[in-house]
4 protein chains.
Amino acid sequence: MIKYNFQNDYSEGAHPRIIEALAKSNLIQEVGYGEDRFSLSAIERIRAAAGNPQADIHLVSGGTQANALVLDSFLRPFESVIAVDSGHICVHETGAIEATGHKINAVKGRDGKITPEEIQAVVDEHYFEHMVKPRAVYISQSTEVGTIYSAKEMRELSVLCKKFNLILYVDGARLGCGLTSSKSDLDLKELSSLVDVFYIGGTKNGALIGEAIVINNPLLKPEFRYCIKQHGALLAKGRLLGIQFDELFKDNLFYDLARHANSSAESLVGGISKLGYGFLFDSPTNQIFPIFPNRVIEKLNESYLFYVWSKVNADNSSVRLVTSWATPEQAVKDFLQDLAALS
Amino acid sequence: MIKYNFQNDYSEGAHPRIIEALAKSNLIQEVGYGEDRFSLSAIERIRAAAGNPQADIHLVSGGTQANALVLDSFLRPFESVIAVDSGHICVHETGAIEATGHKINAVKGRDGKITPEEIQAVVDEHYFEHMVKPRAVYISQSTEVGTIYSAKEMRELSVLCKKFNLILYVDGARLGCGLTSSKSDLDLKELSSLVDVFYIGGTKNGALIGEAIVINNPLLKPEFRYCIKQHGALLAKGRLLGIQFDELFKDNLFYDLARHANSSAESLVGGISKLGYGFLFDSPTNQIFPIFPNRVIEKLNESYLFYVWSKVNADNSSVRLVTSWATPEQAVKDFLQDLAALS
Amino acid sequence: MIKYNFQNDYSEGAHPRIIEALAKSNLIQEVGYGEDRFSLSAIERIRAAAGNPQADIHLVSGGTQANALVLDSFLRPFESVIAVDSGHICVHETGAIEATGHKINAVKGRDGKITPEEIQAVVDEHYFEHMVKPRAVYISQSTEVGTIYSAKEMRELSVLCKKFNLILYVDGARLGCGLTSSKSDLDLKELSSLVDVFYIGGTKNGALIGEAIVINNPLLKPEFRYCIKQHGALLAKGRLLGIQFDELFKDNLFYDLARHANSSAESLVGGISKLGYGFLFDSPTNQIFPIFPNRVIEKLNESYLFYVWSKVNADNSSVRLVTSWATPEQAVKDFLQDLAALS
Amino acid sequence: MIKYNFQNDYSEGAHPRIIEALAKSNLIQEVGYGEDRFSLSAIERIRAAAGNPQADIHLVSGGTQANALVLDSFLRPFESVIAVDSGHICVHETGAIEATGHKINAVKGRDGKITPEEIQAVVDEHYFEHMVKPRAVYISQSTEVGTIYSAKEMRELSVLCKKFNLILYVDGARLGCGLTSSKSDLDLKELSSLVDVFYIGGTKNGALIGEAIVINNPLLKPEFRYCIKQHGALLAKGRLLGIQFDELFKDNLFYDLARHANSSAESLVGGISKLGYGFLFDSPTNQIFPIFPNRVIEKLNESYLFYVWSKVNADNSSVRLVTSWATPEQAVKDFLQDLAALS
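Residues numbered from 1 in each chain as written. Chains lettered and ligands numbered in written order. Predicted model: local features only at pLDDT ≥ 70, side-chain atom pairs only at ≥ 80, totals over all residues.

## Quick look at the overall build of chain A
In terms of helices and strands, chain A carries 14 helices and 13 strands. Relative to the globule expectation of 20 Å for 343 residues, the C-alpha radius of gyration of chain A, 20 Å, shows essentially globular dimensions. Projected onto its principal axes, the C-alpha positions of chain A cover 60 × 55 × 35 Å. For chain A, contacts bridging at least 24 residues in sequence account for 74% of all contacts bridging at least 6. (Helix = DSSP H or I, 4+ residues; strand = E, 2+ residues; numbered from the N terminus. Rg over C-alpha atoms; globule rule 2.2 N^0.38 Å. Contact = placed C-beta atoms within 7 Å.)

Written out as structure tokens, the structure reads:
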């Protein structure tokens, strides 16, 4: 009997306030394609939250879609994007970036994060027309392994990208958890001020669907809606996205949901550490990677769903546990109790 | 003061039963990416409705997305698709098909429908490697101007496409209205049996979002989910699509909604005809194109939203009125009453 | 026994002076990729001939390649190019433009030429993000049916394109014949001053291979060599192109060759007219389209190769005769004599 | 004063026999687009040399072009190709493969060669539709660093690729040198029998231009000419390619030229070794990578052109010396003498 599924942060529907908002507005007639009053209101709320009243903001369905259309819109055919090789665009998007014609310059990274030295090296190596021309840097906050860029790190990337005329783009599928981590010293306003474009993930933070792309760099704004439409990403009922983001950015719901996910993860980390287990990555967000004996993993798997991440040695493996806005306190308690019993 | 918006069939949210279904299932944990129990159930219902238990069925967000990924998946780089020049892929998808690398061979059509002679002509003209190789025929049911293919017409297209090894693909953004038109002699089972692939439109028939792609031809089935993912069309919370189609294909809701849209349009057609006005197209579905004097249009526009379609002569223009599952009887009555007063 | 092949203007190798130049320079070591001294010299000659010392000039292999890389380089993903539906990019390039992701807005044209009204109409119809955004106009000089734009026509197109921010691009596969036609009032310098970019065809005017792309608009110049390389169009031995264009633009060889092709065609037109035959198009260049009785065509075909162009009526068809720099006077005489005998 | 340029194997024109063949055939009228008698003859010669009378053979202009069109033709949109990260398609083609929409799965390799373990690992890691699907393996013979696959290695790759349904494709830009290396135990017939498709490089082995693509796998043959045309790779005067390959595969010219390049390199290796210098790679073909003190490199550079390849330590660097069919014995002697004087 499965007590709880820790596989990801999109196993449930939406936060109940969002379902209510959808129900309440349901029969109002609205303009299509993202120009409805809810989308406009959501955009104003996000502009305020990001501290950029001039930002162009577009609501789309999913992260892979957002990444492909952002990069396709901003890059000329021969231009490439630099990313860590564990990045979502490198591994888990079925080549969606390449499908738009662009190469990804993959670098190793450290703890899921790109380093300034790596960016410098790629720029140095690509110096003439027989090679692609690096024109953007893709990072995610939080990263694929739950880590976050500090304010200092993000500022350094920002300076470096400006120096090399590289577009700095942040995949924020889990931006809520990145921003509200107890280890984060970077708020949304500062992050926004440092990057050319980013997106705020809704799907993994309490929405049914939806990511909000925020374009700060004025050079990147023109004709973006053409790209959205061409990518099949312009929903007829854009209200579906507008209503959700309008609700998320009302009364700090977006942050509250992310904080809950983070604090559930922190409880797990605390309890797991207390039992003497270590972690593959030092993640301060809602994805954690404890290392357990294989026989413990096997037993845990009878009551909990989660992914085995990697083999650590003959007897131990790391697993990935993901918490979310919806994780009940009881699920965390149960897990720790069952783990203690197995330890 | 606007009394009603006849601009399109996606001005409201979803049918209340769909909202209820979303609310009711909201906190159940489900597998992601369309493998949840709701999607699986919806697929079984659609297979039964289409009379093909072997069909591969995939739920995606929107029509432009569906068209691009279907054609991108099925065509080799140099292969093209034949379509009428008023077709949605020719005009209103910002070049999404070309963006996947494929040419559209556009033909004139008649009343929004392609003719066998046109297909034959395109095939005849493209005979060697200096030209694209036609490999698919794209039609929509109902068409962009509300007309429908009869069973006889569809059978002819099917035979012709088989003869020339052309994939016959039906864009069913408004398939509900196409099938339930009082003039239709083609049911879903027969339509499905005649074509290689089609999609069933949810967005324009009572869903918040969602189109169900039905692949009948076994040669076209392999690896389609790779294409979905690459196109950014694989929703993490696939349940959002599954729950809606599961509800639509329960108790004939899908057909009931379409029938309501059609009968609302029929009432309008009847009333408008009685007042002596003609129509640009003889549409038996939920998009109608009456011709009014320009001064009548101007007056009507003070109380109703709709698109002016085309200039007919110096004094008269055609307009497009679209009804939907949500059109209140009162809106139809009001419109006819106001029109009578202006006539 | 075939006396002569009038099918096209690329049936022979190169003008003997070009073969000599290749032989003479053969063992000199040169830098690769178009930076050899011959390419640089050719570029200077073409700049002088075109009257634009600032032009960026790139030598590539063929016309389809030139068209695809020019448009791919200059257009954003959702931007389209307007062309007549008989244009080479519309019909005879196997969808090479669409393969780079761009839609062609095809219009009817008149005598192979686009009209300002057609451009205006396409621009007017494409007004929002659900449609592609027209950004370029493609024409050819001479056209696919041998006709040419007059100076007045070209000036009008230039003004219109500037007004609508459209890139005006001339496919000059047969530019030599276009410029040296006895009916032409447009020289290379004026043509160049009126357009953003064009290419000068070598393959069809005495070279083995090679087209010279001339970019006048400074906004279109940056990073073009990246596009060339990405399209597989940057020859390692760029000298092959450089040597040929250097020779062609020495001592007016380029013009002399085109004049010979045109005057051969004029002789044919004169002789054919004298025999009482008419023409499908009034072509003043090296492609002519006489209309003959089918039985005459059949007989001619025993001694001459050419394409039957189109059926004119039950008994008569048009054929295409192409002359070139290499057409011997005798071939023209023979043809006319044999035609007279059949008439 | 530069005595000789060792930068590459395409600094000269063509072998004199090729120039003569071009001159001799120059005024013969031929069919265009690769269907001329010279191309047909060349294809027959290559079929015989490769031992596959059923092979489909296509002559194109350059290597980047060949690679892009082969992979674009054979892969579905979501399919990828595995290659070593030093491979030409990974580094020096300005993202031409990605421009056709396909991801390259880059692996480290060993001495420029891919290992079976690396292929196995990529296949194992890519197991579901969120990731690209590996479908081809790209290798080059000789490699970018002059090394060659042995017959045993090639057989292993062949078996592995068959097992995993991977297309094995050999970039043969320097296949001549690969086959005629004194260390090679793999002849053209066996190589051809082991791979699905490969190309035979002309440009770097005595032609002005030209690569011959050989398709052995029948499943990959259909409609390849459509791909060639769409890629702008179908030369109007295909004779230019046909004449050259016809000559190269007459009287073993192709092999003789490659042997000369290899033996020049061997002389350099012998002389350099005797002087006590080592090499970065143990290359048995026409690209060698000796390691010299930086001050020696500086001095050599006054009389010879070559690329500095990489820094070995503070005082020493590796350089790349490339010999060719045209390298005079004297140039090798001079170089060794000058090096001795500096040592």
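Picking up after the structure, the text goes on.
## Things to note about the relation of the copies chain B and chain D
Expressed as a screw operation, the relation of chain B to chain D combines 0.0 Å of axial shift with a rotation of 180°, fitting to an RMSD of 0.0 Å. Each copy turns onto its partner about a two-fold axis. Residue Arg76(B) of chain B places its C-alpha closer to the rotation axis than any other residue of that unit, at 3.8 Å. Both copies share a contact surface, since 100% of the interface residues of chain B are interface residues in chain D too. (Least-squares fit on C-alpha atoms with pLDDT ≥ 70 in both.)

## Remarks on unusual backbone geometry
Residue and element names in this part refer to chain A. The omega torsion across glutamine 141 and serine 142 is -10°, close enough to zero to call that bond cis. Structurally, the position occupied by serine 142 is in the loop between β5 (133-140) and α7 (151-163). Of note, the phi angle at glutamate 223 is positive, near 65°, even though the residue is not glycine. With respect to the helices and strands, the residue glutamate 223 is situated in the loop between β8 (211-215) and α10 (224-230).

## Concerning the environment of Leu160(B)
Residue and element names in this part refer to chain B. Relative to the elements of secondary structure, leucine 160 occurs in helix α7 (residues 151-163). Judged by the 17 C-beta atoms lying within 10 Å of it, leucine 160 is partly exposed. C-alpha of leucine 160 to C-alpha of isoleucine 104: the two residues are 56 residues apart in sequence and 18 Å apart in space. Setting aside anything within four residues of it in sequence, one finds leucine 160 in contact with Pro116 and Ile119. (Buried ≥ 20, exposed ≤ 12 C-beta atoms within 10 Å, placed from the backbone.)

## Overview of the sheet that holds strand β3 (residues 79-84) of chain B
Residues and elements named next belong to chain B. Spatial strand order, β2-β8-β7-β6-β5-β3-β4: seven strands in an open sheet with mixed pairing. Each edge of the open sheet is held by one strand with a lone partner, namely β2 (56-60) and β4 (104-107). In this sheet, neighbouring strand axes are inclined to one another by 20° on average, regardless of whether the strands run parallel or antiparallel. By the bridge criterion, four bridges tie β3 to strand β5 (residues 133-140) in an arrangement that is parallel. In the strand pairing of β5, valine 81 is matched with alanine 136. (Pairing = 2+ DSSP bridges. Axes fitted to C-alpha atoms, helices over the stretch in contact; angles between N-to-C directions.)

## Observations concerning the interface of chain D and chain C
Each partner contributes to the interface: chain D provides 41 residues, whereas chain C provides 41 residues. At the level of secondary structure, the elements contributing two or more residues to the side of chain D that touches chain C comprise α1 (16-25), α3 (63-74), α5 (96-99), α10 (224-230) and α11 (239-248) of chain D. By residue number, the principal contributor to the side of chain D that touches chain C is α1(D), which donates five residues.

## Brief notes about helix α14 (residues 329-342) of chain C
Residue and element names in this part refer to chain C. Between its terminal C-alpha atoms α14 stretches 20 Å, which fits the 20 Å expected from 14 residues at 1.5 Å a residue. For α14, the set of buried residues is Val332, Phe335 and Leu339. Down the axis of α14, the smallest arc covering the buried residues is 65°, so these residues share one side. The exposed residues of α14 that point more than 90 degrees off its buried face are Glu329, Gln330, Lys333, Gln337, Ala340 and Ala341. Those residues of α14 that are buried are in contact with β1 (4-5), α12 (253-274), α13 (294-300) and β11 (304-305). (Expected span 1.5 Å × (residues − 1). Arc of directions from axis to C-beta.)

## Considerations on the pairing of β3(B)
Residue and element names in this part refer to chain B. With respect to burial, β3 is a largely interior element, six of its six residues being buried. By the alternation rule, side chains of β3 split into Glu79, Val81 and Ala83 and Ser80, Ile82 and Val84, which are all buried. Note: β3 against β4, four bridges, orientation parallel. The residue bridging isoleucine 82 from the neighbouring strand is asparagine 105, located in β4.

## Some details on the sheet that holds strand β3 (residues 79-84) of chain D
Residue and element names in this part refer to chain D. Ordered by their spatial adjacency, seven strands build an open sheet running β2-β8-β7-β6-β5-β3-β4, and the pairing between neighbours is mixed. Only two strands of the sheet have a single partner each, and these edge strands are β2 (56-60) and β4 (104-107). Here the average twist between neighbouring strands, direction ignored, is 20°. Two strands pair when backbone bridges link them, and strand β5 (residues 133-140) and strand β6 (residues 167-171) are joined in this way by five bridges, in the parallel orientation. Note on β6: the bridge partner recorded for alanine 136 is isoleucine 167.

## A look at the relation of the copies chain D and chain C
Note on the identical chains: chain D maps onto chain C by a rotation of 180° and an axial translation of 0.0 Å, with an RMSD of 0.0 Å. When the interface residues of chain D are mapped onto chain C, 100% of them again fall at the interface, so both copies present the same face.

## Points about the domain arrangement of chain A
For interface size, the figure often reported is the accessible area lost on association. Residues and elements named next belong to chain A. Considered domain by domain, chain A is made up of domain 1 (4-10 + 253-342) and domain 2 (16-248). In this assembly, 20 residues from domain 1 lie in contact with 22 residues from domain 2. Sorting elements by how many residues they give to the side of domain 1 that touches domain 2 places helix α12 (residues 253-274) first, with nine residues. Here the residues of the side of domain 1 that touches domain 2 sort into 12 nonpolar, five polar and three charged. (Domains from an automatic or database assignment. Nonpolar A, V, L, I, M, F, W, Y, C, P; charged D, E, K, R; others polar.)

## Considering the environment of Glu44(D)
Residues and elements named next belong to chain D. Mapped onto the elements, glutamate 44 comes out in helix α2 (residues 37-50). The class for glutamate 44 is partly exposed, based on 14 C-beta atoms found within 10 Å. Placed 21 residues apart in sequence, glutamate 44 and alanine 23 show a C-alpha to C-alpha distance of 22 Å.

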